[in-house]
Amino acid sequence: MANAYTPGLKVTGASRIQKRRRLSILGEVLVNIGDIVTPDIPVAKAMIPGNPTSINVSNALSCEAEDIEQYMVKKQGDPVKANEAIAIQKTFFGLFTTTCVSPVEGVLEHVSAVTGQVIVREPAVPIQVKAYINGEVTEIMDREGVVIETKGAFIQGIFGVGGERDGILQIAVEKDSDVLDGQHIKPEHKDKIVIGGSLMTGAAIRRAHEIGAAGIVAGGVIDKDLVDYLGFDIGVAVTGHESIPLTLIVTEGFGQIPMAHKTFELLQTLDGMHASINGATQIRAGVMRPEIIVPNEDIDVVESAVSDGEMEAGTLIRCIREPYFGQLAEVVDLPPELRVVETGARVRIMNIKLRNSGEVVTVPRANVELIEE
């Protein structure tokens with residue numbers, strides 16, 4: 001029987017989850033192996049060098065570059081305040097004075113008698129990486145970060161915006177087909193992760209923003225509502241860095257699409273539990289999916305029957321490209337020969353049966369992802 005391999009989209013109530021928490025530059029690890037951490041605990045920190053500011057002293061003093069050192073009142077390594085004099089030139093027995101000041105606060109890093117310029121480095125910016133999830137530190141990456149491990153539910157969405165947040169999951173609708181509207185968002189949802197059904201409306205997003213919810217998870221979203229809230233269109237680059245106060249995750253796609261029944265049922269069992277969510281998404285090389293992690297150390301982890309992304313007839317998949325973006329389907333067969341698609345490229349294809357309509361359609365194998373349950 002023909003088979004193929006594709007990246008998987010995981011929806012499981014019992015999984016062993018590992019998260020690498022790594023600094024962008026070398027720094028200091030703040031925890032030890034075996035430490036139990038919570039999402040808001042810093043696990044590593046570093047100092048990012050401040051921006052360098054170049055100051056043309058020779059121009060400011062109207063002197064030759066090689067002469068600036070004799071006029072410098074601040075030396076290399078000295079701290080400098082904004083608008084503080086760094087060089088002073090006195091002429092005609094001190095009757096006339098020309099001063100060069102630093103436009104920024106920082107440390108005088110370099111003086112050049114060749115260019116006549118000095119560089120003031122602004123103060124270093126502290127950064128830190130937090131644990132993000134409840135779990136145990138199982139590995140230390142020297143001066144880089146840690147690996148945190150936990151057991152629990154792990155649900156991946158198809159698209160999201162907003163960064164890492166945590167809070168209590170709270171179901172706000174009765175069925176996976178229900179629309180989450182503004183009226184469903186209550187003051188008690190402050191700092192909560194609100195679970196909807198087939199759609200999060202623009203009104204629900206705005207209301208969640210107003211009351212201070214941590215995030216929303218629903219089956220779908222209207223792209224215009226998302227653009228209106230963000231203030232800009234979403235491209236194909238990595239999401240998750242948007243300057244918004246809540247994280248939005250859709251599990252099925254754009255439009256009103258009922259949340260997969262199994263996903264909604266799982267979220268119902270997790271109602272009231274603490275979760276960590278991340279809306280970061282990348283649908284290109286190095287696929288990254290939005291995620292919901294609900295730690296639960298009391299569960300027994302059973303390895304999934306699906307391994308290494310293997311597909312065959314009957315395998316449940318989701319389409320991740322138009323015209324069937326977000327739709328669930330089952331694999332019908334996997335023809336081995338290459339086919340020419342609309343773009344003119346010759347690719348491997350698959351015949352799939354769409355869950356909603358029962359229609360059998362042909363799509364490139366690269367346009368789907370596996371749903372690992």
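This one's a predicted model, so the numbers in the text were calculated from it and none came from an experiment.

Description of the overall build of the chain
Here is step 1 of the chain: When you go through the chain residue by residue, the secondary structure sums to four helices and 30 strands.
Here is step 2 of the chain: C-alpha atoms of the chain, sized along the principal axes, occupy 95 × 50 × 45 Å.
Here is step 3 of the chain: Looking at the chain as a whole, 46% of its 373 residues are labelled buried.
Here is step 4 of the chain: A separation threshold of at least 6 residues defines the contact pool for the chain, and within that pool the share at least 24 residues apart is 64%.
Here is step 5 of the chain: When the accessible surface of the chain is totalled, it reaches about 18700 Å², and 50% of it is carbon and sulfur.

Description of empty space enclosed by the protein
One water molecule sets the probe size; rolling that probe over the atoms shows where empty space is left.
Here is step 1 of the chain: Scanning the model with the defined rule gives one cavity of 30 Å³ or more in all.
Here is step 2 of the chain: Approximately 30 Å³ is the volume attributed to the largest cavity.
Here is step 3 of the chain: Lining the largest cavity are Phe159, Gly160, Val161, Val221, Leu226, Leu248 and Val250.
Here is step 4 of the chain: Looking at the lining of the largest cavity, the elements with two or more residues in it are strand E15 (159-161) and strand E21 (247-254).
Here is step 5 of the chain: It is E15 that contributes the most residues to the lining of the largest cavity, three residues altogether.
Here is step 6 of the chain: Classifying every residue of the lining of the largest cavity gives six nonpolar, one polar and no charged.

Side note on a nonpolar patch on the surface
Here is step 1 of the chain: A grouping of Phe92, Leu95 and Phe96 is seen on the molecular surface, where their side chains present a nonpolar patch of about 400 Å² in accessible area.
Here is step 2 of the chain: Secondary-structure assignment places Phe92 in the loop between strand E8 (85-91) and strand E9 (96-101).
Here is step 3 of the chain: Residue class for Phe92 comes out exposed when judged on its relative accessible area of 59%.

Remarks on unusual backbone geometry
Here is step 1 of the chain: The phi torsion at Arg143 lies on the positive side, around 65 degrees, for a residue other than glycine.
Here is step 2 of the chain: Phi at Asp191 takes a positive value of approximately 70 degrees, unusual for a residue other than glycine.
Here is step 3 of the chain: Judged by its relative accessible area of 46%, Asp191 falls in the partly exposed class.

Remarks on the nonpolar core
Here is step 1 of the chain: Counting 45 residues, the largest nonpolar core has Leu180, Met200 and Leu248 as the members making the most contacts within it.
Here is step 2 of the chain: Not counting residues up to four positions away in its chain, the partners in contact with Leu248 are Phe159, Gly160, Val161, Met200, Ile205, Ile216, Leu226 and Tyr229.

A word on the side chain of Thr263
Here is step 1 of the chain: Its location among the elements puts Thr263 in helix H4 (residues 261-269).
Here is step 2 of the chain: Apart from residues no more than four positions distant in its own chain, Thr263 is found in contact with Val11, Ile155 and Thr251.

Quick notes on the layout of surface pockets
Here is step 1 of the chain: In this structure, the largest pocket spans a volume of roughly 520 Å³.
Here is step 2 of the chain: Lining the largest pocket are 23 residues; nearest its centre among them are Lys19, Asn278, Met288, Arg289 and Glu291.
Here is step 3 of the chain: Contributing elements (two or more residues each) for the lining of the largest pocket: strand E2 (8-22) and strand E14 (145-156).
Here is step 4 of the chain: In terms of residue count, E2 provides more of the lining of the largest pocket than any other element does, eight residues in total.
Here is step 5 of the chain: Looking at the lining of the largest pocket, its residues break down into seven nonpolar, eight polar and eight charged.

Observations regarding the packing of aromatic side chains
Here is step 1 of the chain: Tallied over the entire structure, the rule returns one aromatic pair.
Here is step 2 of the chain: Taking the centre distance of 5.2 Å and the plane angle of 50 degrees together, the rings of Phe159 and Phe254 count as tilted. With Phe159 in strand E15 and Phe254 in strand E21, the pair connects residues that are 95 residues apart, well separated along the chain.

Rules behind the numbers
Residues numbered from 1 in each chain as written. Predicted model: local features only at pLDDT ≥ 70, side-chain atom pairs only at ≥ 80, totals over all residues. Heavy atoms only, no water. Helix = DSSP H or I, 4+ residues; strand = E, 2+ residues; numbered from the N terminus. Buried < 20%, exposed > 50% of the residue type's maximum accessible area, 1.4 Å probe, protein only. Contact = heavy atoms within 4.5 Å. Areas by Shrake-Rupley, 256 points an atom, 1.4 Å probe, with all protein chains shown as cover. 1 Å grid on protein atoms, 1.4 Å probe; cavity = no way out; pocket = protein on both sides within 12 Å on 5 of 7 lines; lining within 4 Å. Points joined across faces, edges and corners; volume = space filled by probe spheres on them. Nonpolar A, V, L, I, M, F, W, Y, C, P; charged D, E, K, R; others polar. Patch = residues over 30% accessible without salt bridge, like charges linked within 9 Å, V, L, I, M, F, W, Y side chains within 5 Å. Salt bridge = Lys/Arg side-chain N within 4 Å of Asp/Glu carboxyl O. Core = buried A, V, L, I, M, F, W, Y, C linked by side-chain atoms within 4.5 Å. Phe/Tyr/Trp six-rings, centres within 6.5 Å; stacked < 30°, edge-to-face > 60°.

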